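Below, each chain spelled out in residue letters.
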Amino acid sequence: MSGCWRVLPAFPNGKLRRGFCCRADDQPVYTVRHNKKKVVVVGSGWAGLGAAHHLCKQDFDVTVLEGGYEFGSKNKSLSPDDFGIRGFWYPYRNIFNLVDEIGVKPFTSWTKSAQYSEEGLVVKYPIFQDVPQLPTPFGTLFNTQFVRLPLIDQLTSIPLMAAVIDFDNTDASWRKYDPITARELLKRFGCSERLYQDVFDPLLQVGLFAPAEQCSAAATLGMLYYFVLANQKHFDLVWCRGTVREQIFQPWIESLKTQGCRFLEGRKVTDVALNEETGCITEVVCGKESFKADALILAVGISTLQEIIQNSAALCTREEFLKIMKLNSTDLLTVKVELDRKVNLPNASNVSSGFEGSCAWTFFDLSMIYDEYKESTTTVIQADFYHANDLLPLKDEKIVEKTMSWLSKCIKDFENATVIDKEIGRFPKSLTHFFPGSYKYMMRGSTSFPNLYMAGDWITNRHGSWSQEKSYVTGLEAANRIIDYLEEGTFAKILPVQEDEPHIQSLRSLNRNLNDIIEQLPWSNYFLQ
């Protein structure tokens with residue numbers, strides 16, 4: 001295996017830990033024993049299924065306890081990846097490899113998108129692969145069509161590149177920028193008021209699920225760089241031609257079942273059993289049931305994990321898990337309406353904001369995205385409202401009324417359409433909130449329990465990806481840690497994010513050298529960073 005191996009402190013059972021890098025070419029292969037080791041995975045989203053996928057291939061006895069029970073019995077098999085509509089961006093290299101491996105073709109072609117406000121159309125985003133390729137940030141800036149934003153406001157985004165270069169996804173850079181709000185960051189680097197209101201704040205609300213004044217600057221820089229600034233093509237995206245569960249998860253799960261993986265729905269984890277001598281977890285407890293485990297992966301969202309911690313006598317004794325109780329999640333509201341006529345939308349996916357001082361939201365023409373609606377004479381629209389705390393208590397009729405009113409301000413043709421069917425989804429505390437100061441409470445992939453590992457889009461790692469891709473990558477990383485701990489199987493090959501463009505590499509190298517010099521000065525730590 002390429003990369004460095006190092007001996008880490010021994011586990012309580014006396015076994016030595018091996019440090020490893022996830023970029024693998026020539027990988028060590030451990031001997032597989034006939035008596036299969038048991039691995040329990042809690043959660044069936046991208047992270048949980050990703051871990052189960054690789055562990056099954058390594059001939060482990062894998063049981064997946066499906067999450068989603070916090071949303072009620074009707075939704076007991078939901079995972080965090082089932083609610084809302086999320087695109088699949090150009091840099092999702094590992095996910096695109098996965099769908100090829102399992103033999104499904106779930107995606108649309110690359111699509112254009114747009115951004116709206118109460119005043120109408122604000123921004124048009126092209127397919128960036130089809131336009132002239134320019135070095136970052138100029139490719140994104142000059143190939144995007146800003147309908148209402150003057151050039152002078154657009155240019156105020158360029159100084160932010162100084163922070164982008166300084167933020168290199170290391171622990172030090174996260175600790176430096178995490179206490180700052182995204183709004184304060186943009187203010188410090190000279191962002192104009194119009195650029196902030198029309199572009200940055202809406203994008204942050206749909207990317208980080210909260211207003212800019214409630215978002216960590218570190219998360220903002222990480223997310224913007226991965227999706228927008230690393231390369232202009234990174235903002236290109238495709239959509240699933242149906243729900244993620246139908247198009248990807250169901251065939252994926254069926255494939256895993258053929259490899260011997262067990263899926264148990266609606267199992268609410270209440271505790272874990274601990275071997276006091278080794279410090280290892282031996283069983284996962286679900287009420288009156290228990291499941292033996294040689295290793296355990298918790299691949300759930302923050303609110304689910306908090307509920308597990310509150311019920312668990314073992315987990316609540318560890319500081320790393322108690323810190324999780326300080327983290328927050330945000331609410332999501334989904335509104336799906338069928339209209340009595342065809343409404344022509346210029347783009348299938350759209351971002352909107354600025355209505356009645358409410359949150360940013362996205363709306364999608366499912367008649368253009370989902371196969372099942374393409375021949376319909378009606379129009380099916382889904383709107384997803386993020387940070388929707390103030391909308392969740394409203395009655396369904398009021399929510400539909402607001403949605404149609406706001407859609408009509410974006411695209412006039414909605415004024416003549418009548419809703420003939422509706423479907424409302426309320427998902428409280430379902431999305432990760434990267435609030436300022438949250439980094440110090442986030443968990444790493446390994447824990448103080450030698451055989452307990454974490455996975456999910458909120459887990460701290462150094463891969464550099466976000467959203468579904470990060471969830472899937474952390475699942476593979478958790479699988480690799482189990483292989484390292486149990487000394488069986490071959491490590492999963494995880495594709496790294498695309499390298500920085502040459503000029504960014506040079507500027508980051510120069511910036512690191514300057515920071516190293518500054519740190520040598522006697523007063524470098526005197527002032528508040």
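Here's a quick rundown of the structure.

Criteria and thresholds
Residues numbered from 1 in each chain as written. Predicted model: local features only at pLDDT ≥ 70, side-chain atom pairs only at ≥ 80, totals over all residues. Heavy atoms only, no water. Pairing = 2+ DSSP bridges. Helix = DSSP H or I, 4+ residues; strand = E, 2+ residues; numbered from the N terminus. Axes fitted to C-alpha atoms, helices over the stretch in contact; angles between N-to-C directions. Contact = heavy atoms within 4.5 Å. Salt bridge = Lys/Arg side-chain N within 4 Å of Asp/Glu carboxyl O.

Quick word on the pairing of strand β13 (residues 281-286)
Across four bridges, strand β12 (residues 271-274) lies against β13 in antiparallel orientation. Bridge pairing in β13 places Val 272 opposite Val 284. A loop of six residues connects β12 with β13, the two strands running antiparallel in sequence, and Gly 279 in this loop sits at a positive phi of about 80 degrees. Examined bridge by bridge, β13 and strand β14 (residues 289-292) share four bridges and lie antiparallel to one another. By the bridge assignment, Cys 286 is partnered in β14 with Glu 289.

Side note on the sheet that holds strand β5 (residues 61-65)
Either a parallel or an antiparallel arrangement is found when strands of a sheet pair, and the pairing is made through backbone hydrogen bonds. Pairing within the open sheet is parallel, and its five strands lie in the order β11-β5-β4-β15-β21. Two strands bound the open sheet, and with one partner strand each, they are β11 (262-264) and β21 (452-454). Direction aside, neighbouring strands of the sheet carry axes that sit 20 degrees apart on average. Of the strand pairs in this sheet, strand β15 (residues 295-298) and β21 are connected by three bridges, and their pairing is parallel. Looking at the pairing, Leu 298 lines up with Met 454 of β21. Contacts between helix α15 (residues 467-486) and the sheet are confined to β4 (38-42), β15 and β21, with β21 contributing the most and set at about 160 degrees to the helix.

So, the environment of Leu 149
Structurally, the position occupied by Leu 149 is in the loop between β9 (145-146) and α4 (151-155). Separated by 46 residues in sequence, Leu 149 and Leu 195 place their C-alpha atoms 7.2 Å apart. Among all residues touching Leu 149, those that are not within four sequence positions of it are Gln 154, Arg 194, Leu 195, Asp 198 and Val 199.

Structural notes on the pattern of salt bridges
For the coordinates displayed, the defined rule picks out 23 salt bridges. Asp 59 is paired through a salt bridge with Lys 36; the nearest N and O atoms lie 3.1 Å apart. Here Lys 36 lies in the loop between β3 (29-30) and β4 and Asp 59 lies in the loop between α1 (46-57) and β5, a separation of 23 residues in the sequence. One salt bridge connects Arg 426 with Asp 396, and the closest N-O pair in it is separated by 2.8 Å. One end of the pair, Arg 426, is in strand β20 (residues 419-433); the other, Asp 396, is in helix α14 (residues 396-410), with 30 residues separating them in the sequence. Here the salt bridges share partners, and the residues they tie into one network are Asp 171, Arg 175, Arg 444 and Arg 462.

Interpretation in functional terms is not warranted from these geometric data alone.
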